[in-house]
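Now for the letters of each chain:
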Amino acid sequence: MTSATAPDNFTELGLIPALLTRLTELEYQQPTPIQAQAIPCVLAGRDLIAGANTGSGKTATFALPLLQQLDAEKSLPSTSDKGNYVTGLILVPTRELAKQVADSIKSYAVHFNGAIKTVAVFGGVSANTQMLALRGGTDILVATPGRLLDLISNNAIKLDRVKTLVLDEADRMMSLGFTDELSALLELMPKKKQILLFSATFPDQVQELTQSLLNDPVEIQVQSADASTLVQRVFTVNKGEKTALLAHLIKQHEWQQALIFVNAKKHCDYLAQKLSKRGIAAEVFHGDKGQGARTRVLEAFKAGEIDVLIATDIAARGLDIEKLPVVINFDLPRSPSDYMHRIGRSGRAGEVGLALSLIDHEDYHHFKVIEKKNKIRLEREQVVGFEVDEVIADEVSDADKPMAKPEGTGKKKRKKKAPVNADIWLRNS
Ligand code: AMP
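Now for a look at the structure at hand. This one's a predicted model, so the numbers in the text were calculated from it and none came from an experiment.

Each value, and the rule that gives it
Residues numbered from 1 in each chain as written. Predicted model: local features only at pLDDT ≥ 70, side-chain atom pairs only at ≥ 80, totals over all residues. Heavy atoms only, no water. Helix = DSSP H or I, 4+ residues; strand = E, 2+ residues; numbered from the N terminus. Buried < 20%, exposed > 50% of the residue type's maximum accessible area, 1.4 Å probe, protein only. Contact = heavy atoms within 4.5 Å. Areas by Shrake-Rupley, 256 points an atom, 1.4 Å probe, with all protein chains shown as cover. Salt bridge = Lys/Arg side-chain N within 4 Å of Asp/Glu carboxyl O. Near = heavy atom within 4 Å. Polar contact = N/O pair within 3.5 Å; in protein donor to acceptor, adjacent residues only side chain to side chain. Nonpolar A, V, L, I, M, F, W, Y, C, P; charged D, E, K, R; others polar. Domains from an automatic or database assignment. Axes fitted to C-alpha atoms, helices over the stretch in contact; angles between N-to-C directions. Parallel < 35°, antiparallel > 145°, perpendicular 65-115°, else oblique. Left-handed = near helix turned anticlockwise from the far one by under 90°. Phe/Tyr/Trp six-rings, centres within 6.5 Å; stacked < 30°, edge-to-face > 60°. Lys NZ or Arg CZ within 6 Å of the ring centre and 35° of its normal. Core = buried A, V, L, I, M, F, W, Y, C linked by side-chain atoms within 4.5 Å. Pairing = 2+ DSSP bridges.

1. Side note on the overall build of the protein chain
No. 1: Across its full length, the protein chain holds 16 helices and 14 strands.
No. 2: Burial status across the protein chain gives 53% buried among its 429 residues.
No. 3: Sequence separation of at least 24 residues holds for 76% of the intrachain contacts in the protein chain that already meet a minimum separation of 6.
No. 4: For the protein chain, the exposed area adds up to about 19400 Å²; of that, 49% sits on carbon and sulfur atoms.

Next up, the structure:
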């Protein structure tokens, strides 16, 4: 991992005026830690492994140097025919992320006056428009792996001239089962290319990928859930009272833009109905919604027209919603790494955020596993009016011993109540 002192302004990173002007317009006052550490290395042509979540500023980390490199190449006399080639390829796991990344790149590139072409391709919509957009090739292509393979088989695009490959959210790409597609795509690219890999977590599959693919990479790890910007809390609640507690919190706190995670599409609709009966309007965002509906809901949520959005993990993956004040785990995520992905939606780029988990007795054990894997430990709290009938003592395993209460035996026990102090936070925030 790099440890050199990182510059604290964009000028020192070596970026060109067309980009610096844009960053000033966007009111990016200083580089985020990942940008400060990685951008000079990427500009120097190095491969990169970055442990960074959505919210860390990772898109600009690869987009700015890529644009700068492409701009430099454009000023050279070109001998190559145009054809359906792509130079900078960004692979992402979901369509929302593809659109979002492409939009960010186009925004960063406004002062190149259209000289750099960026196209996004993803499934769920007609391929024809995307084929048309790819005519004559593109400088940057943001793509989901499946749709990209379809387009290649239709001769809409060729990967023989890829110079930079970005693998964004590599862990998610693997967990969504894109391993074979990725291998097929790699076969079609030149061996020699710069590779930038971004991942929030590093399960075995991602480690194998980095070892087999990258050439002497710079490794940078950025804490995704920075304690100074993201507050994590966990509220215990009786089984069957989660919805009432959630409604109470939403009403009391009047959050603008709360993102609520559940584990199944039908839970989204069910929870939305239950909230609606309690006078809270919520929209749902899941894979059964058509692309048009998903885009509309997302735009409305971003614009602040919807306060509460209920989503599944897959649908919400990679959403870029600025300054999301709160993320709530109504259902706990199945995997500990998904917990980190979910909470990464809040407290972004230095903003203070809150990640709240609501747990009933059935969730206790699983939440402990999530904590242990993510090396966190949160105090169980209760909300006034929603005190739990019985507090279960922490189950003690050998591995847990340092954290465990001395009286814990693994059996259910009545013990002193968890702190009832959620109202303090509600008043203060
Ligand atoms: P990302 O991690 O790429 O999804 O970025 C998260 C959010 O932070 C996006 O809305 C970016 O526009 C914003 N952002 C990225 N870099 C900076 C920066 N240096 N200063 C302020 N905001 C930033």
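2. Comments concerning the pattern of salt bridges
Close approach of charged atoms lets side chains of opposite charge pair.
No. 1: Evaluation of the coordinates by the stated rule reveals 14 salt bridges.
No. 2: Two residues, R380 and E371, come together in a salt bridge whose shortest N-O distance is 2.7 Å.
No. 3: On the basis of relative accessibility, which here comes to 2%, the residue E371 falls in the buried class.
No. 4: When salt bridges with common partners are traced through the structure, they connect K58, D168 and E169 into a single cluster.

3. Things to note about the site of the ligand
No. 1: Taken together, the neighbourhood of the ligand is formed by 15 residues, with Y28, Q35, G55, G57 and T59 sitting nearest.
No. 2: Measuring from a nitrogen atom of the ligand, one finds a side-chain N or O atom of Q35 at 2.8 Å.
No. 3: At 3.3 Å, a backbone N or O of K58 approaches an oxygen atom of the ligand.
No. 4: Contact with the protein chains covers 86% of the free accessible surface of the ligand, which is 500 Å².
No. 5: Of the residues in the shell around the ligand, the class split is four nonpolar, eight polar and three charged.
No. 6: If you count residues domain by domain, the shell around the ligand takes at least three from each of domain 1 (10–223) and domain 2 (226–401 + 412–428).

4. With respect to the packing of helix 10 (residues 242–253) against helix 11 (residues 265–277)
Helices that pack against each other are described as a pair by the angle of their axes relative to one another and the distance between those axes.
No. 1: At their nearest, the axes of helix 10 and helix 11 sit 10 Å apart, and the two run at 60° to each other. As judged from the angle between their axes, helix 10 and helix 11 are oblique. For helix 10 against helix 11, the interelement crossing comes out right-handed. Two secondary-structure elements touch here, helix 10 through T243, L246, A247 and I250 and helix 11 through L271, K274 and L275.

5. What to know about the packing of aromatic side chains
No. 1: A full pass over the atoms with the stated rule returns three aromatic pairs.
No. 2: The ring of F330 is capped by K242, whose NZ or CZ atom sits 5.5 Å from the centre of that ring.

6. Focus: unusual backbone geometry
No. 1: One non-glycine residue with positive phi stands out, namely E27, at about 60°.
No. 2: Unlike most non-glycine residues, E169 shows phi in positive territory, near 55°.
No. 3: Locating E169 in the fold gives a position in the loop between strand 5 (164–167) and helix 7 (170–175).

7. So, the nonpolar core
No. 1: L15, L48, L67, I90, I140 and V142 are the most contacted members of the largest nonpolar core, which totals 43 residues.
No. 2: Mapped by element, the contributors of at least two residues to this core are helix 1 (17–25), helix 2 (33–43), strand 1 (48–51), helix 3 (58–74), helix 4 (95–108), strand 4 (138–143), strand 6 (194–199) and strand 7 (218–221).
No. 3: Per-element tally for this core: the top contributor is helix 3, with seven residues.
No. 4: Beyond its immediate sequence surroundings of up to four residues, L15 is in contact with F10, L20, L23, I39, L43, L64 and Q68.

8. Some points on the sheet that holds strand 4
No. 1: With parallel pairing, seven strands are arranged side by side in an open sheet as 3-4-2-5-6-1-7. If you trace the sheet from one side to the other, it starts and ends with strand 3 (118–121) and strand 7, each paired once. Each neighbouring strand pair of the sheet contributes to a mean axis angle of 15°, computed without reference to strand direction.
No. 2: Of the pairings in the sheet, the one linking strand 3 to strand 4 comprises four bridges and is parallel in character. Note that in strand 4 the partner of V119 across the bridge is L141.

9. A closer look at the environment of L332
No. 1: Summarising the element assignment, L332 is placed in the loop between strand 12 (326–329) and helix 14 (336–343).
No. 2: Contacts of L332, omitting those with residues within four sequence positions, involve N263, R342, S357, I359, D363, H366, F367 and I370.

10. Some points on the sheet that holds strand 12
No. 1: In space, the seven strands of this open sheet follow the order 10-11-9-12-13-8-14, with parallel pairing throughout. Edge positions in the open sheet fall to strand 10 (282–285) and strand 14 (380–381), since each of these has one partner strand only.
No. 2: One ladder, built from four bridges, connects strand 9 (residues 258–261) with strand 12; its direction is parallel. From the neighbouring strand, A258 faces strand 12, where its bridge partner is V326.

11. Observations concerning the side chain of N374
No. 1: Among the secondary structure elements, N374 is positioned in the loop between helix 15 (364–373) and strand 14.
No. 2: Given the relative accessible area of 18%, N374 is considered buried.
No. 3: Polar side-chain contacts of N374 include one of 3.0 Å to the backbone oxygen of P336.
No. 4: Apart from residues lying up to four places away in sequence, N374 is in contact with P336, Y339 and M340.

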